[in-house]
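If you want the building blocks of each chain, they are given just below.
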Amino acid sequence: MDFSRLFTTWDSLALVGLGTVTMYIAVIVSTRLAGPRSLATMSSFDIAATIAVGSTVATAASLDTPLVHAVVTLTVLYAAQAAAAVLRRRRRINRVLDNSPLLLMAGSEILDDNLRHARLTESEVWSQLRQAGVVRRAQVLAVVLETTGALSVLQGDSVADLDRVLLQGVRGADRLPAAPSR
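In this text the structure is predicted, and so the values were computed from the model without any measurement.

1. Notes on helix α3 (residues 67–88)
Between its first and last C-alpha atoms α3 spans 32 Å; for 22 residues at 1.5 Å apiece the expected length is 32 Å, and the two agree. Along α3, the positions that sit buried rather than exposed are H69, A70, T73, L77 and A84. Taken around the axis of α3, the buried residues stretch over an arc of 95°, which confines them to a single face.

Pasting the structure below:
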């Protein structure tokens, strides 16, 4: 039995760590550039870790790399994900790391420029409205593309029903009609 695959040099371990961090960052940057819809409901950090962990496990299982490399890779991945979670709690850093929510419909009006920015079509919005049980456009108070890529449909009888705190941090929220004064 050849046990040489279980051990390696410190230089090699450093290269594995550097390579892991580099690829983790590359996945995050790529998904940020592709936009939130490329992830459906996962954050860029979740998808990067999921892909990297899967790849690492597959590589280690195929014995293409020393086992200690895979362990170091997983350790670095989980440490990077934990660090990213801590950094995301800071508002300024979170704005850099995550996409901000985007208003796609203000009342019954589709915001074409925001739809183009989100790389979505009207038919995708209509589909989401149907899934939300909307039977009349007048029921729609707002549709928001969330940071995860999911679409949220806010419904009500009147814009006065909408608690504006729900739209804090949503780009384009200022385009909603003002609530009538009572």
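2. What to know about the nonpolar core
L104, M105, L120, L129, V143 and L145 are the most contacted members of the largest nonpolar core, which totals 15 residues. Within the residue set of this core, elements represented by two or more residues are β1 (102–106), α6 (122–131), β3 (140–145) and β4 (151–155). Within the second largest apolar cluster, 11 residues are counted, among which are A106, L141, V144 and L176.

3. Brief notes about the environment of S108
Examined against the element boundaries, S108 turns out to sit in the loop between β1 and β2 (109–110). Residue S108 is classed as partly exposed on the basis of its relative accessible area, which comes to 35%. Between the alpha carbons of S108 and L141 there is a distance of 6.9 Å; along the sequence they are 33 residues apart. Apart from residues lying up to four places away in sequence, S108 is in contact with R137 and V140.

4. A few points about the pattern of salt bridges
Per the stated rule, a full pass over the model turns up 1 salt bridge. Between R175 and D113 there is a salt bridge, with its nearest N and O atoms 3.0 Å apart. Taken together, the residues R175 in the segment after β4 and D113 in helix α5 (residues 112–117) connect sequence positions 62 residues apart. You can call D113 partly exposed: its relative accessible area is 36%.

5. Topic: the sheet that holds β2
Taken in spatial order, the 4 strands make up an open sheet running β2-β1-β3-β4, and their pairing is antiparallel. In this open sheet, the two strands that pair with only one neighbour each are β2 and β4. Summarising the sheet, β1 and β2 pair through 2 bridges and their orientation is antiparallel. Bridge pairing in β2 links A106 to E109. Set on the sheet, α6 makes contact with β1, β2, β3 and β4; between it and β4 the angle comes to about 55°.

6. Examining the pairing of β3
Summarising burial for β3: 6 of the 6 residues are buried, a large majority. Of the strand pairs in this sheet, β1 and β3 are connected by 4 bridges, and their pairing is antiparallel. If you follow L103 over to β3, its bridge partner there is V144. Count of turn residues in the β3/β4 antiparallel hairpin: 5 residues, of which G149 carries a positive phi of about 100°.

7. Considering the side chain of Q139
Its location among the elements puts Q139 in the loop between α6 and β3. A distance of 2.7 Å separates a polar atom in the side chain of Q139 from the backbone nitrogen of V135.

8. Side note on the pairing of β1
Along β1, 5 of the 5 residues are buried, which leaves the element largely enclosed by surrounding structure. Where β1 folds back onto β2 in an antiparallel hairpin, the turn is made up of 2 residues, including G107, whose phi is positive at roughly 65°.

9. Examining a nonpolar patch on the surface
A surface patch of nonpolar side chains, amounting to about 710 Å² of accessible area, comprises M1, F3, L6, F7, L67 and V71. Note on placement: L6 falls in the segment before α1 (10–34).

10. With respect to the side chain of H69
As for its placement among the helices and strands, H69 is situated in helix α3. With relative accessibility at 10%, the residue H69 sits in the buried group. A distance of 2.9 Å separates a polar atom in the side chain of H69 from a polar atom in the side chain of S12. Excluding anything up to four places from it in sequence, H69 contacts T8, S12, L13 and V16.

Cut-offs used in this document
- Residues numbered from 1 in each chain as written.
- Predicted model: local features only at pLDDT ≥ 70, side-chain atom pairs only at ≥ 80, totals over all residues.
- Heavy atoms only, no water.
- Helix = DSSP H or I, 4+ residues; strand = E, 2+ residues; numbered from the N terminus.
- Expected span 1.5 Å × (residues − 1).
- Buried < 20%, exposed > 50% of the residue type's maximum accessible area, 1.4 Å probe, protein only.
- Arc of directions from axis to C-beta.
- Core = buried A, V, L, I, M, F, W, Y, C linked by side-chain atoms within 4.5 Å.
- Contact = heavy atoms within 4.5 Å.
- Salt bridge = Lys/Arg side-chain N within 4 Å of Asp/Glu carboxyl O.
- Pairing = 2+ DSSP bridges.
- Axes fitted to C-alpha atoms, helices over the stretch in contact; angles between N-to-C directions.
- Polar contact = N/O pair within 3.5 Å; in protein donor to acceptor, adjacent residues only side chain to side chain.
- Patch = residues over 30% accessible without salt bridge, like charges linked within 9 Å, V, L, I, M, F, W, Y side chains within 5 Å.
- Areas by Shrake-Rupley, 256 points an atom, 1.4 Å probe, with all protein chains shown as cover.

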